[in-house]
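Residue-level structure breakdown
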Amino acid sequence: MSALLSFTGLTVAVVAYYTFKHLYPTVPPGTHGTVGEGFSSGIFLWVLFALILGAPMGLAGYLARRHDFFGLLCRISVPLIAFFETNMRLRAEADGQGPVVIATWTTVQYASAAIVLALIGRTVWTSVRNRRAPESDDTYHAMSPNEHV
């Protein structure tokens, strides 16, 4: 269900984006004579990407509830993707961008790194704390003051 919902959400977002882009076309400042992709080809391509990448990410979001190493990998996948994507953008596209864009990408990069470290730290802390906690014995049941024998 999580894979289906993420694919559906991304598909709705893609269709809304390309519909808005088709209704209000603009050419970014500084570009001349560029040919944009067609309305239907853009939708088809990104819906295909939504199916290929969105469904596994939805499943990873569902599996992120696990309290093991695999759950940690699922939890840090999105911040890691954001970190590496902004890192690539800063290297490849920083020269043509303004200071606000650079500051935004840098902020996203640092925030992503902080989130990854926090999630790893929380998982390690929880793991250490759970190992130190005494195991509960189900044979003993303390009676509350309102229970009668």
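What this report covers is the structure whose coordinates are included nearby.

Cut-offs and rules
All residue numbers here refer to positions counted from 1 along the written sequence of the relevant chain. Whole-chain, interface and lining totals are the exception, using all residues; otherwise, since this is a predicted model, local features are given only for residues with pLDDT of at least 70 and side-chain atom pairs are given and counted only at 80 or more. Each side-chain value is worked out from all heavy atoms of the structure, with water and hydrogens disregarded. Numbering of helices and strands runs from the N terminus, with a helix taken as a DSSP run of H or I at least four residues long and a strand as a DSSP run of E at least two residues long. Given the number of residues in a helix, its expected span is that number minus one, multiplied by 1.5 Å. A simple rule labels every residue: compare its accessible area, found with a 1.4 Å probe on the protein chains alone, to the largest value its type can have, and call it buried under 20%, exposed over 50%, or partly exposed in between. Taking the helix axis as origin, the arc is that swept by the directions to the C-beta atoms. Should any heavy atoms of two residues lie within 4.5 Å, those residues are counted as being in contact. Working definition: rings of Phe, Tyr and Trp (its six-membered ring) pair if their centres are within 6.5 Å, and the pair is stacked with planes under 30 degrees apart, edge-to-face with planes over 60 apart, and tilted otherwise. Fitting a line to C-alpha atoms yields each axis, with helices limited to the stretch in contact; the angle taken between N-to-C directions then spans 0 to 180 degrees. Every angle not falling under 35 degrees, over 145, or within 65 to 115 is termed oblique; those three ranges are roughly parallel, roughly antiparallel and roughly perpendicular. The handedness criterion is simple: a crossing whose near helix is rotated anticlockwise from the far helix by less than a right angle is left-handed, and one whose near helix is rotated clockwise is right-handed. Three classes are used: nonpolar for Ala, Val, Leu, Ile, Met, Phe, Trp, Tyr, Cys and Pro, charged for Asp, Glu, Lys and Arg, and polar for all others, with Gly counted as polar.

1. Focus on helix α1 (residues 2-23)
- Given a rise of 1.5 Å per residue, 22 residues ought to cover 32 Å, and the 32 Å separating the end C-alpha atoms of α1 matches this to within 8%.
- Along α1, the residues classified as buried are S6, T11, V14 and Y18. For α1, the arc enclosing every buried residue in end-on projection is 135°, short of the 170-degree limit, so these residues lie on one face. Those residues of α1 that are exposed and angled more than 90 degrees off the buried face are L5, V12, F20 and L23.

2. Details of helix α4 (residues 99-132)
- For α4, which comprises 34 residues, the first-to-last C-alpha distance of 49 Å matches the rise-based estimate of 50 Å (1.5 Å per residue) to within 8%.
- The complete set of buried residues in α4 reads W105, Q109, S112, V116 and T123.
- Packed against the buried residues of α4 are α3 (69-93).

3. Overview of the packing of aromatic side chains
- In total, this model carries three aromatic pairs according to the counting rule given.
- Ring plane angle 90° and centroid distance 5.0 Å describe the contact between Y17 and Y18, whose orientation is recorded as edge-to-face.
- Its relative accessible area of 6% is what places Y18 among the buried residues.

4. Section: the packing of α3 against α4
- The geometry of α3 relative to α4 is characterised by a closest axis approach of 9 Å and an angle of 155° between their N-to-C directions. Taken together, the axes of α3 and α4 lie roughly antiparallel to each other. Crossing of α3 over α4 shows left-handed handedness. Across the interface between the two elements, L72, R75, I76, P79, L80, A82, F83, T86, N87, R89, L90 and E93 from α3 touch I102, W105, T106, V108, Q109, S112, A113, I115, V116, L119, I120 and T123 from α4.
- Per-class residue counts for the contact of α3 with α4 are 15 nonpolar, six polar and three charged.

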